[in-house]
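Spelled out from the first residue to the last, the chains are:
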Amino acid sequence: MKSTFPALESERVALRQFVDSDLENVFKGLSHPDIIKYYGISFNSMEATKEQMAWFADLEKNETGIWWAICSKEDGRFLGAGGLNNISKENKKAEIGFWLMPENWGKGLMTEVMPLILNHAFTSIGLHRIEGFVETKNVNCKKALAKLKFKWEGTMQDCEIKNGEFISLDIYAKLVDK
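So, here's what we can say about the structure.

Reading guide: rules and limits
Residues numbered from 1 in each chain as written. Predicted model: local features only at pLDDT ≥ 70, side-chain atom pairs only at ≥ 80, totals over all residues. Heavy atoms only, no water. Salt bridge = Lys/Arg side-chain N within 4 Å of Asp/Glu carboxyl O. Helix = DSSP H or I, 4+ residues; strand = E, 2+ residues; numbered from the N terminus. Buried < 20%, exposed > 50% of the residue type's maximum accessible area, 1.4 Å probe, protein only.

**Quick look at the pattern of salt bridges**
All chains considered together, the criterion is met by twelve salt bridges. Measuring nitrogen to oxygen at the nearest pair gives 3.5 Å for the salt bridge that ties D75 to R77. Across the salt bridge formed by E131 and K93, the nearest N and O atoms sit 3.4 Å from each other. With E131 in strand 6 (residues 129-135) and K93 in strand 5 (residues 93-100), this residue pair connects regions lying 38 residues apart in the sequence. By relative accessible area, which is 28% here, K93 ends up partly exposed. Counted as one network, the salt bridges with shared partners bring together K93, R129, E131 and E153.

Here it is, written out as C-alpha cells:
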C-alpha cells in the first residue's frame, strides 16, 4: 500500500483517514444498539473505543487493511466508516466492512461509498477478490451487497457465538472483473 493515505470522494461523500477527533463519533456508532445489532464489535465507553481507533491505525501500519471515515462533502459531518481488513497479498483478497450512523440509512450512501472502496481495492491495491461476511438476519446489508453485484456463496451455520447465542454468517464475494 501507499505511504500517503488515499482520500476518496464521490458526489456526496469524502472518505478520509481517521483522526483522533473521530473518537466520539466512532463511539456513538459502535455503541448504538441499531448498529451493533449485526456488527461484530461494540464499545461501552470512549476509553474502550480507543481500541478501535488503534485497530484502524494498525491496519495501515501493518498493511493488513485500510478503513476510511465517511463524511459529508457538504458540511464535513461524520456519517460512518468503511474499509478493508484481513488483506491477503498472497491470495489477493480482503474482507470488506462498513457501518453508517442510523440517521444516514436508506439514503443510498453505501451504494455510493462501496464502489469507491472496491475500485481502490482492485486498482490501487491489486486485489482480485473482496469478501463480505454478513449475519444471516442482516437483510439490509445483504440487499446492499446484492446491489453492488456481490455473489452469495453460502452460509456458515452456527459458526460464531454472539451474546451467548450461535449465529450464522452468509458469505458474499465480488471478483475484480465481475
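Past the structure itself, the notes keep going.
**Re unusual backbone geometry**
Positive phi outside glycine occurs at E63, with the angle close to 55°. With respect to the element layout, E63 can be found in the loop between helix 3 (46-62) and strand 3 (66-72). The phi angle at N163 is positive, at roughly 55°, despite the residue not being glycine. Structurally, N163 can be placed in the loop between strand 7 (151-162) and strand 8 (165-175). In this structure N163 comes out as exposed when scored by relative accessible area, which is 74%.

Purely geometric stuff here, so don't read any function into it on its own.
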